[in-house]
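Results of the structural survey
Chain by chain, the residues run as shown.
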Amino acid sequence: MAKVSLVIVSHSKKLAEGVAEVAAQMAPEVVIKPAGGTADGGIGTSYDLVDKTVGELLEDGPVVILTDLGSATLTVESVLDFLEDEPAYFADGPLVEGAVAAAVAAQQDKSAEEVVAAATGAGASWGSPNGSAPNASGDDSQVAEGEATLADPDGLHARPAALVARFVSDFDAEVTINEIAADSVLSLMALGARQGETVQIRATGPQAQEAVTALIAKLEEQP
């Protein structure tokens, strides 16, 4: 199944391109297209530009659209009205944080609905990292813990956070770092963890020990 694609709609062409560039760093296999500004490059939004960009991406699979301001949302809603049953979705979340969260979810092969949910919940994840830890409901025999010293010069900021979020999604386990969900790139970034810091890792689930062991090796690996 094709990965969900993203369209970034902004009143500014440069802003849309910048957000798309940042999100692409987190999800190298996800197609992310900007659709910012008017047809002549001015400030505003273009129905034709958004419609063309979304239509091109729909040829390969579902599309999730993010916007900046109210009139951009109105433009997107007009485009969606004419698409009828096409798998195109609007994500009503913060533009930058939402685009990053959506990109990581799409990279993890999440469904369009899950990508939308990631985008719309991005603001809460960024603002309250301690509240995003999963519930540890697994059997005590399926719990593993450990610690790792961050080797990456960027700590857990931006791209390293995205790599970790994608990495832990491959395990059948719920993983936390310093008590926040390790599969949430925004929550990881909000930790502000730097190179040389030691972080606490905990996992629950059938692959808890495998996840902790592999994640320790990942975090302590020199980039």
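A brief structural summary. What you are looking at is a predicted structure, and each value in this text was computed from that prediction instead of being measured.

We now examine the environment of Ala151. Along the chain, Ala151 falls in the loop between strand S5 (143-149) and helix H7 (159-168). Along the primary structure Ala151 and Gly18 are separated by 133 residues, whereas in three dimensions their C-alpha atoms are 28 Å apart. Leave out the neighbours within four places in its chain, and Ala151 touches Gln195, Leu219, Glu220, Glu221, Gln222 and Pro223.

Strands sit in the order S2-S1-S3-S4 across an open sheet of four strands; the sheet is parallel. Each edge of the open sheet is held by one strand with a lone partner, namely strand S2 (32-34) and strand S4 (88-90). Neighbouring strand axes in the sheet, compared pairwise and without regard to direction, differ in orientation by 25° on average. Relative to S4, strand S3 (residues 63-67) is paired through three bridges, and the arrangement is parallel. By the bridge assignment, Val64 is partnered in S4 with Tyr89. With respect to the sheet, helix H4 (residues 95-107) is in contact with strand S1 (5-9), S2 and S3, its orientation differing from that of S1 by roughly 170°.

It is worth spelling out the nonpolar core at this point. In this structure, Val164, Val175, Ile177, Val185, Ile201, Leu215 and Leu219 are the most contacted members of the largest nonpolar core, which totals 34 residues. Secondary-structure elements contributing two or more residues to this core are H4, S5, H7, strand S6 (174-177), helix H8 (185-191), strand S8 (198-204) and helix H9 (208-220). Setting aside anything within four residues of it in sequence, one finds Val185 in contact with Val100, Ala101, Val104, Ala158, Ala161, Ala162 and Ala165. Counting 23 residues, the second largest nonpolar core, distinct from the first, contains Val4, Ile32, Leu95 and Ala102.

Let us look at the side chain of Thr67. If you trace the backbone, Thr67 turns up in strand S3. Assessed through its relative accessible area of 5%, Thr67 is described here as buried. A polar contact of 2.8 Å, which involves the side chain of Thr67, links it to the side chain of Thr73. Sequence-distant contacts of Thr67, defined by excluding residues within four places in its chain, comprise Val9, Ala72, Thr73, Val76, Phe90, Gly93 and Leu95.

Thresholds, definitions, all that
Residues numbered from 1 in each chain as written. Predicted model: local features only at pLDDT ≥ 70, side-chain atom pairs only at ≥ 80, totals over all residues. Heavy atoms only, no water. Helix = DSSP H or I, 4+ residues; strand = E, 2+ residues; numbered from the N terminus. Contact = heavy atoms within 4.5 Å. Pairing = 2+ DSSP bridges. Axes fitted to C-alpha atoms, helices over the stretch in contact; angles between N-to-C directions. Core = buried A, V, L, I, M, F, W, Y, C linked by side-chain atoms within 4.5 Å. Buried < 20%, exposed > 50% of the residue type's maximum accessible area, 1.4 Å probe, protein only. Polar contact = N/O pair within 3.5 Å; in protein donor to acceptor, adjacent residues only side chain to side chain.

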